[in-house]
Amino acid sequence: MSIPKFTYLAPKTLKEALIMRASHGSKSSIMAGGTDLLIKMGLRTLQPEFVIGLNSVPEIDYITLRPGGELAIGPMAKLSAVVEDAEVEKNFPALSEAASVTATVQIRNMGTLIGNICNASPSADNATPLMIYDTKVVIIRSDGERVVPIEEFFKGPGKSVLETGELVKEFLIPIPEKSTGSNYQKVSTRSKVDIAGICVSALLTLNNDGTVSKARIALGAVAPKPIRVVKAEKILTGKTPTKELFNDAAKIAREEASPISDMRASAEYRKAMVEVLTRRALDASLAAATKKKN
Amino acid sequence: MPKVNVKLKVNGDPYEVAVNPSGTLVEVLREDLHLTGTKIGCQTGDCGACTVLVNGKSVCSCLTLAVEAQEKEIITIEGVGLSYDKLHPIQEAFINEGAIQCGYCTPGMVLSAKHLLDKNPNPSELQIRQALSGNLCRCTGYARIVKAIEVAGEKMKNPVKEK
Ligand SMILES: Cc1cc2nc3c(=O)[nH]c(=O)nc-3n(C[C@H](O)[C@H](O)[C@H](O)COP(=O)(O)OP(=O)(O)OC[C@H]3O[C@@H](n4cnc5c(N)ncnc54)[C@H](O)[C@@H]3O)c2cc1C
Ligand code: FES
Ligand code: FES
């Protein structure tokens, strides 16, 4: 696999990267860690004439708590930095877990969290955790900025709302309320390091009386893009968690999944596992939320 | 496509090379610097034969553009030994524990082991196996490799003075 020839551009600021992108349009590609992009170029599914390397932009490799209670993650923050970050581990355990089982040690040292999402693979490990935490995607272009909730970011396999002249400046993730528990579940063939066959994230916030004040369920690798199961979230909200309630929510998740059969798993298996993993993710979220509440 | 001048430090030695923008770090190490210890297997980030340390982090040199190694410190298998004729404890343990057969995966395995032990001198068996998730071996099997890393970790904690 050799990489086809291209001109390498090294912007010094994100603004400069946007100008390069505007002048070269679809003949150019943005590169963060390159672990998705260079493979596509090697396979000739993508042949940009210009590669705009974000690696040369200083000070965009950050994970930092902003005043107001949001965690900000920059475009060059590697998956390994997400795994090692204490704030992520404390406040966003499902993201911490998902990042730790994404790919291999080497790929996590190279690949970025934002690249994992911009690639818009339906099976991206970190998509569903970011969805349950209501992540905001801050998108910039040369004449402005827009903020898109992450569940609206994905359009289909390999497709996002990003337009040619745009790039992702950062993710903003609000710190959840105290009595919140969340969890990530994944099934793949080669233990955990493989591309997910199915992945599920869940989040529960409890009221003082133990009823659910907020619920989130997101599924990966079982539809053309990662999806939220709003119908199941609705039946959980306001109720006291019980085994039956979780079973009902898990059944809805199974119905909402529209997986394909491929070499990783059959559609039927995927649907069955969505139900199992949703139940497990809800059980674990409830246990964590209860522990924090008390 | 004009070539780009890249300055990099490999195993402590400074180099300046004119590289194609599409050239990968492993190509430059092997073809330009003649450091052929780093191997090429899959070229898709799966096998880890090309593993090197860049600023202390293990990466696949097959998916790293040489232009992005500008001003970076790189350690390859040639630079792991303590001196020209003194092996690193990880290398010694690989030999003593029989963790090498054809040897094609070995440079990458040793660098991944070094990446782990430099951060965590006391890894559990599970942590060792997780640290090798990006390194495939087709002949030795993993049991002896894991054992060698355990032995090396012990030795690095309690270096025995030579007589
Ligand atoms: C061996 C191997 C195993 C893998 N295993 C997994 C796995 O288990 N789970 C998983 O989810 N993924 C896996 N991946 C995929 C990949 O490593 C991840 O998606 C990675 O996080 C991508 O990040 P990157 O920085 O390398 O992205 P790049 O390759 O640099 O970019 C990916 C895409 O996003 C765009 N992009 C990047 N940054 C921006 C930005 N700021 N604004 C706009 N567009 C941007 C690029 O143009 C490109 O289209 C694996 C890859 C390999 C090679
Ligand atoms: S050659 Fe780089 S990972 Fe296989
Ligand atoms: S010793 Fe042959 S591949 Fe590992």
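As a convention, each chain's residues are numbered from 1 in the sequence order in which they are written. Chain letters start at A and ligand numbers start at 1, both assigned in the order the entries are written. Thresholds applied to this predicted model are a pLDDT of at least 70 for local features of residues and 80 or more for the giving and counting of side-chain atom pairs; totals over whole chains, interfaces and linings are not thresholded and use all residues. Just so you know, side-chain values use all the structure's heavy atoms and leave hydrogens and water out.

**Q** Can you tell me about the sheet that holds strand E6 (residues 136-141) of chain A, naming the residues and giving the values?
**A** Pairing between sheet strands relies on hydrogen bonds along the backbone, with the strands arranged either parallel or antiparallel. Residues and elements named next belong to chain A. With antiparallel pairing, five strands are arranged side by side in an open sheet as E4-E5-E10-E6-E7. In this open sheet, the two edge strands, each paired with only one partner strand, are strand E4 (63-66) and strand E7 (144-149). Put simply, the sheet's adjacent strands are angled 25° from each other on average, direction ignored. Direction of pairing for strand E5 (residues 70-73) relative to strand E10 (residues 167-174): antiparallel, over a ladder of four bridges. Within E10, the residue paired with Glu70 across the bridge is Pro174. Sheet strands touched by helix H1 (residues 14-24): E6 and E10. Its angle to E10, the strand with the most contacts, is close to 135°. Only strands that DSSP links by at least two bridges are regarded as paired with each other. Segments assigned H or I by DSSP are reported as helices when at least four residues long, segments assigned E as strands when at least two residues long, and all are numbered from the N terminus. Every angle, taken between N-to-C directions, lies between 0 and 180 degrees, and every axis is a line fitted to C-alpha atoms, over only the stretch in contact when it is a helix. By definition in these notes, contact holds between two residues if any of their heavy atoms fall within 4.5 Å.

**Q** Explain the sheet that holds strand E11 (residues 180-187) of chain A to me, using residue names and the numbers behind them.
**A** All names here are of chain A. With respect to topology, four strands assemble into an open sheet ordered E11-E12-E13-E14, the strand pairing being antiparallel. Each edge of the sheet is formed by a strand with only one pairing partner; in this case those strands are E11 and strand E14 (227-228). As paired elements, E11 and strand E12 (residues 198-206) share eight bridges and run antiparallel to each other. If you follow Lys186 over to E12, its bridge partner there is Cys199.

**Q** Please give an account of the site of ligand 1 that cites residues and values.
**A** When we say a residue is near a molecule or strand, we mean one of its heavy atoms is within 4 Å of it. Near ligand 1 you find 34 residues, and of these A:Ile30, A:Thr35, A:Asp36, A:Thr112 and A:Asp125 are the closest. Looking at the residues close to ligand 1, they fall on chains A and B. Polar contacts, as used here, are pairs of N or O atoms within 3.5 Å; protein pairs need one atom able to donate a hydrogen and one able to accept it. Residues neighboring in sequence count only if both atoms are side-chain atoms. In the model, an oxygen atom of ligand 1 is placed 2.7 Å from a nitrogen or oxygen of the A:Gly33 main chain. In the model, an oxygen atom of ligand 1 is placed 2.5 Å from a nitrogen or oxygen of the A:Asp36 side chain. In the complex, the protein chains occlude 92% of the 990 Å² of accessible area that ligand 1 would expose alone. Of all the elements in the fold, those that place two or more residues in the shell around ligand 1 are strand E2 (28-31), helix H2 (37-42), helix H7 (113-118) and E10 of chain A. Counting residues per element, the shell around ligand 1 draws most heavily on H7(A), at four residues. Any residue outside Ala, Val, Leu, Ile, Met, Phe, Trp, Tyr, Cys, Pro, Asp, Glu, Lys and Arg is labelled polar, Gly included; the first ten of those are nonpolar and the last four are charged. Among the residues forming the shell around ligand 1, the class breakdown is 18 nonpolar, 11 polar and five charged. Here the open area of atoms and residues is found with the Shrake-Rupley method and a 1.4 Å probe, where only the protein chains shown may cover a residue.

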